[in-house]
Amino acid sequence: MSALVLREDRDGLAVLTLNRPDKLNSLTVGVFRELREHVIDLKSDDTIGCVVLRGAGRCFSAGHDLGDIAEGEKVPSPGWHSETLRMLETLPKPVIAAVHGHCYTGALEVALAADFIIAAESAKFGDTHAKWALAPIWGMSQRLPRRVGIATAKRLMFTAEMFGAAEALRIGLAEQVVPDAEFDVSIDAMAQKILANSPFSHAANKRLLEATDSRDMDSGLQWEVLKNEGVGPDMQARIGAFMRKD
């Protein structure tokens, strides 16, 4: 039986691939269970400095498997899906969601748990909870307005409209849009830029941004000073290498 979430490591980069291409990578308890296992392993894996999350085949993911919903899927505990995405979000290393093709509703909630989204020109986004008389439970109501602003989030949630990569870039949902033919190369190029920098700084910056999100400026500045994590173990080596260039 094939893995529902594949992991491939190469030179400090871990690529997690949602692997139900025949079902457009629709999300089940089984998919989340394997994703959660990978996230747990990655948290303590010091050989990995960046994570890319993507989908196999035609798309990132068409969203929550409606068949599972209709059958009353059995989750290990209340809030288990949301908890899993929170674990992904708080990984002490950068996470890129690489989105091509469909990225609807539950899939968008998964992508929003990454640090940022890079979209192929073919990407299509949307929140269709309202279309099916559902309310979000994986984090849409919290992450979408933080990413695009509350008025835009309301518009997208109320209309359940689909929109493309260009609109995703315009509203700030995606950080970058690239041609499909250049998608893999662009994702790798971004990951290499991240990997070139200090994993200590990445982890410290993620914790700092997380702790001060939505704080007022003064308390955020105070937090930055008082909770500063100092310098990383690679600081001297990095400065020394730079100095030796001259």
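Residues numbered from 1 in each chain as written. Predicted model: local features only at pLDDT ≥ 70, side-chain atom pairs only at ≥ 80, totals over all residues. Heavy atoms only, no water.

*Asks:* Break down the nonpolar core for me, citing the residues and quoting the values.
*Replies:* Counting residues in each nonpolar core, the largest one holds 48 residues, and the members touching the most others are Phe 60, Val 99, Phe 125, Leu 144 and Leu 173. Of all hydrophobic cores here, the second largest spans 14 residues; its members include Val 15, Val 52, Ile 118 and Val 178. (Core = buried A, V, L, I, M, F, W, Y, C linked by side-chain atoms within 4.5 Å. Buried < 20%, exposed > 50% of the residue type's maximum accessible area, 1.4 Å probe, protein only.)

*Asks:* So, the packing of aromatic side chains: which residues are in play, and what are the values?
*Replies:* According to the stated counting rule, one finds three aromatic pairs in the structure shown. Judged by centre distance (4.7 Å) and plane angle (55°), the rings of Phe 32 and Trp 138 are tilted. Remark: Trp 138 occurs in the loop between strand E7 (124-126) and helix H5 (140-148) and Phe 32 occurs in helix H1 (residues 29-43); sequence separation between them is 106 residues. Trp 138 shares its class with Phe 32; the two are buried. Judged by centre distance (5.8 Å) and plane angle (25°), the ring pair of Phe 125 and Phe 163 falls under stacked. Of the two residues, Phe 125 is situated in strand E7 and Phe 163 in strand E8 (residues 163-164); the sequence distance between them amounts to 38 residues. Each residue in the set Phe 32, Trp 80 and Trp 138 is aromatic and connected to the rest through ring pairs, giving one cluster. Geometry around Trp 223 places Lys 227 over its ring, the cationic atom sitting 5.3 Å from the centre. (Phe/Tyr/Trp six-rings, centres within 6.5 Å; stacked < 30°, edge-to-face > 60°. Helix = DSSP H or I, 4+ residues; strand = E, 2+ residues; numbered from the N terminus. Lys NZ or Arg CZ within 6 Å of the ring centre and 35° of its normal.)

*Asks:* Give a detailed account of the sheet that holds strand E4 (residues 95-99), specifying residues and quantitative values.
*Replies:* Pairing is mixed across the open sheet formed by six strands, whose spatial order is E1-E2-E3-E4-E6-E9. In this open sheet, the two strands that pair with only one neighbour each are strand E1 (5-10) and strand E9 (176-178). Each adjacent strand pair in this sheet contributes to an overall mean axis angle of 20°, direction not counted. The sheet contact formed by strand E6 (residues 116-120) and E9 spans three bridges and is parallel. Bridge assignment links Ala 119 to a residue of E9, and that residue is Val 177. (Pairing = 2+ DSSP bridges. Axes fitted to C-alpha atoms, helices over the stretch in contact; angles between N-to-C directions.)

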